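Examination of the molecular architecture
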Amino acid sequence: MGALSRQIPSRWRQSERSGEKVTGSIRMMDDASWQQGPAGAPVEEGQRPAHPCGVEAQARPAATPTVLVFMREMAAAERLVGAGRRLADVLRAGWIVACPVAAVENLADADRQRLQSILGLAEASGAEILTLADHGLNERIVALARRGDIAALVLEQAAPGFLTRWHADALLRALRRAAPQVDVIVVSRRGSLWTPDAPPHVASPGASPSRAIGQFTLAAAAWSVAVPVVATLVSTALFRRAEPTNHLIIYLLGILFVASRHGFWPSAVAAVLSVLASDFLLIAPYHSFAVARSEDLVTLAVFLLSAILASRLADRLRYQTEQALQREQRVRFLYEFTKALADVRSTDEVVAVTNSHLSRELSASCHLLLADPDGRLAAADASAGGMPFNAAAAQRAFETSDPVGWGTGSRPQAAPMYLPVSGASHRFGVLAVGSGTGQPVLQAEQRRLADALVSQVAQALERLRLAAEANAATAMAQTESLRNSLLNSIAHDFRTPLASIVTASSTLIQGKGRLSESQARELAQSILEEGQRMARLANNTLDMARLEAGNVRLRREWFPMDEIIGAVVTRMGARLRDRPLRTVLPEGEPLAQVDAVMVVQVLENLVENALKFAPEGSPIEIGAVEGPGDASFWVADCGPGIAPGEERLIFEKFHRGQGGETTSGVGLGLTICRIIVAAHGGHIHAVNRAAGGAQFRFTIPFVEPRPTMAAEENSGQAQ
Amino acid sequence: MSQTKSVILVIEDDPQIRRVLSTTLEAYGYELHCAVNGAEGKKLAAQHQPDLVILDLGLPDVDGLNMIRDLRTRPMQEILVLSARGAEDVKVRALDLGADDYLTKPFGVYELLARVRVALRRAQHTFVADESIVINSIGVTIDVARHRVVRDSVEIHLTPIEFRLIVTLARHGGKILTHEHLLNEVWGPGHEESTQYLRIYLGGLRKKLEPNPAQPRALITVPGVGYSLTMDSVAGE
């Protein structure tokens, strides 16, 4: 108890002393104790316990006690809810607020909002809201009270008037009979309906069915007067001086029309005016309010009564129709929204779809704020809609997964409202709902809709997150398997030359004296060649890794083509010694805009490839030509050429051309060529030459206008 | 080969490469000292005054580039750097810091010995202004004092810049000169960015001096690093 009362804000605690309960009896509560803090008043940040009984209440087993608050009318709504909540706190009990439908329907707009914010607050602090049908209210309450877990019933003092008092007493009698174990606490109804300092509430246009229609607007007043007048004219024209009942039917028609269009009160006025008009004009004695025949008096009275009853029914029907229409609209919207979310492919799209759909449907500016991986909300687009951005409130909503802001349990006066968007295992961000005016924008039904929408958004985000994770896992697996096959190939290709080296060198050591000079030289030569082969293999593997990692930066400059070809020839030097080499270059100053180191490597790999596949001693040709806007290089050999259908495959990783079984080396050389050329924005292809043999040719486009590189004689020198 | 043995210091942490280097170089009659790390290398360099230092850039204890800077305090000492393949940036920086040449691992003995010979000759030679330079690889003779270039007894006309370029390359006989170095020395300070000029003039020189510019024998391009001039004609192994 001590700990609990420390948790309860002071204004709630103040009333504890007088809020004692008396088992099995009815106790009137001292009204003074409730003056301090109406339930609807804002609770200061930090004072309010995070969840005095909210989360706990839901987690409680069914057997734990429950406080039932019966809100028959709205007169003492705040005090009722306040008492219920306090009692539930003290008893560590759950609580239910039962509220008849009629009570909600018959309220003016401002009052309805007020009530809904009270109910919202109650809900936020753990209350279950129960809406009761209008018929047999007492019986429902008694039935509820007979449920084992109801410990106390909080209700307000009956309104003055015989009927209401009789109803209230009947309830108490029934309770004492049926559920004597339930404590009944009656809250005084003294004081005005709403606290005078309550902030004015302004309904946002089109946010909910307008109950203002049940009030007197200018149009409603006009109709309520016009309809009796027209009915009078019509009925006099039709029936002359017939029986009053005939006339009254015409009036009734008009009254029902007003009721269905403008609600109860205008139609009630129309009914009274109709009675007066018919009395004055159509019932003898004419032009007087006096009634000659007593049966006419009865007819008028019955008419008035039935007109008012019919008005009420028509009004109720109208309201319910509107509600049904709206519910249908919401369901349709929810469906459309879900469908739109099902199609999204990225979180950006989720944000866009959410912002546009929700802003339209809720008639408020909505912004989905997603948290970054560090759990920080991006404030950048929060103020995009001219909405004030309350970073602390948004962050709090995100971190606690509780709504913060307007009409919520936490910081109810702080605009805008932040609804947390969380999935089953992940918090994604918050939905900011607000208007430029800083007014509350969502009513209770809209709040429920918003909650449903937010959970859809969370689901969509969850789906994307899982998909992304699955993709990452797949990519990882693919990378793994690629790496494994690469490792396999490399290990295999290293093993072959290693075997020759080990065998040859051990023969050299062991066979000293038995080997002839030429035999020893042969073995040493084989060691050298195999070693060089391994070095090339290692280089290719490293190049591959470097290129695949994607962190290769090209340093493109303008190079004379002969310099590039010359560099290749120089570097290949010794390996080309026993091959007739032909270099083909155009006249003039052909240029290429390339990373020379890389392109020399491509050409080296191509020459290496030619050396590998073309027979020993056969000629090799290296050439280059400058085209309009690009530069082409080629390497041609007189080997067996490329098998049909392999023209593309040979550039794939690990592919070996025909004769691959006898020729060593992972098929990485050509893949490296392809990657480097592609990095330059060029393309490489292989064809068979008419004269026999293969030609590999690659073309690299210029990315800048070609400079004129005519050697300026003596220009640019120092002296 | 000179009458006194040339002294070579090898600073290399890998025992296999050290073994191969010392076996080979001793077999060819050089006086050899080996250091396994930078600290020992500095000590031995001071102690033995080597003519040539063969330095591995990937030493465990010191940054190879800093090591070059330290060794450079003795002007007559040649530095041959051993480096991994592909690291063009590092090569350029090493050369700019004062390394004279580099060898990319793995290298053949023939290549190693050729570089060592060139380096040692450079170490013993100083260039005299009126000397005539002979570039055997392409049969070209340069008369520095009279600004004349003769190929196969035919005089070839070179522009002043081309002349300065070939003389600069020849003076460093066989050494790789970075673009920056060449631009600085031929064009003067402030032209370090104009590698385009360098390429044009070098292309011009090739056309005038090389028998087949696309298969150069003397004016060698080292992609991403610079240029070198091969003085000797290539001999078979």
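**A word on the overall build of chain B**
Across its full length, chain B carries 8 helices and 12 strands. Going through the 237 residues of chain B one by one, you find that 51% of them count as buried. Counting contacts in chain B only where the partners sit at least 6 residues apart, residues at least 24 apart contribute 59% of the total.

**Describing the sheet that holds strand β1 (residues 7-11) of chain B**
Residue and element names in this part refer to chain B. With respect to topology, 5 strands assemble into an open sheet ordered β2-β1-β3-β4-β5, the strand pairing being parallel. At either end of the open sheet lies a strand with only one pairing partner, and these are β2 (31-35) and β5 (101-104). The average angle at which neighbouring strand axes cross in this sheet is 20 degrees, direction not considered. Relative to strand β4 (residues 78-83), strand β3 (residues 52-56) runs parallel, the two being bridged by 5 bridges. Across the sheet, the residue bridging to V53 is I79, located in β4. Strands in contact with helix α1 (residues 15-27) are β1, β2, β3 and β4; relative to β2, the strand with the most contacts, it is inclined by about 170 degrees. Of the strands in this sheet, β1, β3 and β4 touch helix α3 (residues 64-71), which is tilted by about 165 degrees from β3.

**Describing the side chain of N605 of chain A**
Residues and elements named next belong to chain A. Structurally, N605 can be placed in helix α18 (residues 596-613). Overall, N605 belongs to the buried group, its relative accessible area being 13%. The residues touching N605, leaving out its near neighbours within four places in the chain, are N540, G669, I672 and C673.

**Section: a negative patch on the surface**
Residues E522, E529, D578 and E616 of chain A make up a contiguous surface patch of negative charge. Residue class for E522 of chain A comes out exposed when judged on its relative accessible area of 57%.

Each value, and the rule that gives it
Residues numbered from 1 in each chain as written. Chains lettered and ligands numbered in written order. Predicted model: local features only at pLDDT ≥ 70, side-chain atom pairs only at ≥ 80, totals over all residues. Heavy atoms only, no water. Helix = DSSP H or I, 4+ residues; strand = E, 2+ residues; numbered from the N terminus. Buried < 20%, exposed > 50% of the residue type's maximum accessible area, 1.4 Å probe, protein only. Contact = heavy atoms within 4.5 Å. Pairing = 2+ DSSP bridges. Axes fitted to C-alpha atoms, helices over the stretch in contact; angles between N-to-C directions. Patch = residues over 30% accessible without salt bridge, like charges linked within 9 Å, V, L, I, M, F, W, Y side chains within 5 Å. Areas by Shrake-Rupley, 256 points an atom, 1.4 Å probe, with all protein chains shown as cover. Salt bridge = Lys/Arg side-chain N within 4 Å of Asp/Glu carboxyl O. Lys, Arg positive; Asp, Glu negative; His and termini not counted. Charge placed at Lys NZ, Arg CZ, Asp CG, Glu CD.

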